[in-house]
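Now for the letters of each chain:
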Amino acid sequence: MRSLFEGVPARAAWGLVCVIVLLYLAPLVFGGYVLSVLILCCYLAVLGQAWNVMMGFAGQLSLGHALYIGLGAYASGALFFHFGLGPWIGLIPAFIVAGAMGALIGWLGFRFGIRGVYFALLTIAFAEFVRILFDHWGWIGGSSGMFLLVQNRNIDMDAASIANAFWTLRGPNWVFYYVILTGMVACLVTVRLLMRTRVGYYWLAIREDQEAAQAMGINVLRYKLLAVVISAMMTAFGGVFYAFYNNTLYPESIFSIDRSIELLLGVIIGGIGTLFGPILGAFALTWLGEGLSITQEWFDIAGLKLLTYGVAMLAIILFRPAGLWPWLRRLLGMEERRPDA
Amino acid sequence: MLPIEFYFDAAIKGLLTGSVYAMLAVGLSIIFGVMRVVNFAHGEMLVAGMFGAYLVFVTLGLDPILAIPIVALVMFLFGVALQRGLIDRFITAPEHQQFLVLIGVALILTNGLDMIFGPDARNVQVPYAFASFEVGPFFLDNVRVYSAIAALALIALLYLFFNHTLTGKAIRACADNNRGAQVVGLNVSRLYAITFGIGAACAGAAGCLLIMVIDVTPHLGADFTLLAFTIVIIGGLGSMTGALLGGLLIGVSEAMAGILIQPSLKSSFSFGLLILVLLLRPNGLLGKRSS
């Protein structure tokens, strides 16, 4: 607990607690549409947080994170589809498969000294390669997709039914909301704690200057690999959630490069290399997108939404190149005290 | 077992399409080689070029090959304006910020085109669309032959520009040593604008050539950005001959994969090749060895 809030101004800590409590209370007030948008926000925040571990903290650019979403979704989805195993059991193979894939790509890339744009391209190449393989793999449905059975959308409100809904992830939307919201908070806490350990400081050192970090005796390969594996596992959790929330899986859409890009836009907009940047960015961009969707329907012009989205992104990066959170944090006076100050 | 002519036929088709791919990739390679900026909107610029050629064909009735000067000039001006107004501020910014800027530009281009032209596929039917040359046992489509010749001629022109004109040499000086170029008094910002313009013009010209072979829709861009990237990495970033070699190689490997295995698996060939090259020769087949 101490290391969670150490150095954080009291008002920031209270503010955070209030926001989280409000988010937990949201389903009492909102249902239907608003709740489904909130689910999307939290889902993207989880993915963003995962990507941020790798890029924001350890400085390794990945443009192929859709690979880990897809692997997580298909690992758990296939187990459910073929053997009826639930999501929480499916999470284990999802972690293993995504982590192993991350380790493989990381090892190949870092071992051969591939960095920056080249490494990013390697991640895209693997994601696309796996997408094409999955498109031709009959056991998981290939390009015609895999569909998970949807059942008990409405559940009885007794403890056993609710527990069952959470355990099987088959139930109304608020069940999914609580799962992904808790996932988001868990990711936040995990990353916060990680960044207070030796590993976190090693990552920052590697991000700032890899040669210097190596000269200081940090095993650069090991810690970069660790960043990729942790990031891949967190992303795979998002993938498992995606599988059970959407119930339809197509390699074409789940491994698509659009998905890899979608999840990192929020992080850059929110503030790369910060804890709350990914969350703020995910909420801001999702609501912006939803607002624009409505406007687009209103005016009935296809393409208006994404065009404005592009303009908004350019505006934010022009005026707040470090992202929204560092600016907002200063505005609210919630800057963290440096441990050495 | 297919007759041997079949493979030759596919290889030749691949070489012809590959030259157009090379034209596209050369633009990306020039921009990265000089400015160290990855143009994530390159495929979208190609699509803009395709629509440009379509527009010229519909309004003026001009053959897409003859439309190249017009489309290339417009794309050049667009590239210069983009560099001057937007990208110049991010030249020294971290990679992820440049990435976001160009993704924003790509989104605006794609959806702007969508708003103007709608999502339907459009094509250009030239009078010689179904004619072909007969060379020995092979039939070569006129369209592919002409576009390959035009692409190779344009690449040769660019080669001459970079090796035999003062501006071209100055741009290469910026690429080799940015600070050195500034010290000897080159106007780096202006040269960058020209470079980005040339890169965009390459994409535009490639668009003119490609519209004769495939239909265009506003959302093709991302795939071609990826294709251009693959080619450039395989050939070697910043090397024009590398981009040419990479383009031909990808063209042939796609055509071969189309007949050897399922056509839907054809891009796995390119990505497999890309992974191999990245691991074994990270600087590309013809790239400079950097320390």
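Refer to the structure presented above.
Cut-offs used in this document
Residues numbered from 1 in each chain as written. Chains lettered and ligands numbered in written order. Predicted model: local features only at pLDDT ≥ 70, side-chain atom pairs only at ≥ 80, totals over all residues. Heavy atoms only, no water. Buried < 20%, exposed > 50% of the residue type's maximum accessible area, 1.4 Å probe, protein only. Helix = DSSP H or I, 4+ residues; strand = E, 2+ residues; numbered from the N terminus. Pairing = 2+ DSSP bridges. Core = buried A, V, L, I, M, F, W, Y, C linked by side-chain atoms within 4.5 Å. Contact = heavy atoms within 4.5 Å. Salt bridge = Lys/Arg side-chain N within 4 Å of Asp/Glu carboxyl O. Polar contact = N/O pair within 3.5 Å; in protein donor to acceptor, adjacent residues only side chain to side chain. Nonpolar A, V, L, I, M, F, W, Y, C, P; charged D, E, K, R; others polar.

Student: Hey, could you go over the pairing of strand β2 (residues 138-141) of chain B for me, with residue numbers and the actual values?
Tutor: Residue and element names in this part refer to chain B. Burial along β2 is one-sided: the face carrying Phe138 and Leu140 is buried and the face carrying Phe139 and Asp141 is not. Across 4 bridges, the pairing between strand β1 (residues 132-135) and β2 is antiparallel. What sits directly across from Glu134, in β2, is Phe139. Connecting β1 to the next strand, β2, in antiparallel fashion are 2 residues, including Gly136 with a positive phi near 55 degrees.

Student: Let's hear about the nonpolar core: which residues, and what values?
Tutor: The biggest cluster of nonpolar side chains holds 216 residues, and the ones touching the most others in it are Leu67(A), Tyr177(A) and Trp203(A). Examining the composition of this core, we find that 17 residues originate from one element, helix α3 (residues 32-57) of chain A, more than from any other. Non-local contacts of Leu67(A), meaning those with residues more than four positions away in its chain, are made with Met101(A), Ile105(A), Phe126(A), Ala127(A), Val130(A) and Phe255(A). Counting residues in hydrophobic clusters, the runner-up holds 5 residues, among them Leu16(B), Phe138(B), Leu140(B) and Ala148(B).

Student: Give me the pattern of salt bridges: which residues, what numbers.
Tutor: Residue and element names in this part refer to chain A. For the structure on display, the rule yields 6 salt bridges over all chains. Where Arg131 meets Asp135, a salt bridge forms, and the shortest distance between an N and an O atom there is 3.9 Å. Of this pair, Arg131 and Asp135 are both found in helix α6 (residues 116-135), 4 residues apart, which corresponds to roughly one turn of the helix. The exposure class of Asp135 is buried, given its relative accessible area of 13%. Salt-bridge contacts for Glu252 lead to Arg131; the nearest nitrogen and oxygen are separated by 3.7 Å. Residue Glu252 is located in helix α12 (residues 251-254), and its partner Arg131 is located in helix α6; the two are separated by 121 residues in the primary sequence.

Student: So what's going on with the interface of chain A and chain B? Residues and values would help.
Tutor: Taken together, the 40 residues of chain A in the interface contact 35 residues of chain B. In this assembly, chain A and chain B are joined by 0 salt bridges. At the boundary of chain A with chain B, the tally comes to 1 residue pair in polar contact (both at pLDDT 80 or more). Secondary structure elements with two or more residues in the side of chain A that touches chain B: α6, α13 (257-270) and α15 (304-319) of chain A. Split by residue class, the side of chain A that touches chain B holds 35 nonpolar, 4 polar and 1 charged.

Function-wise, these values are silent; they only describe arrangement.
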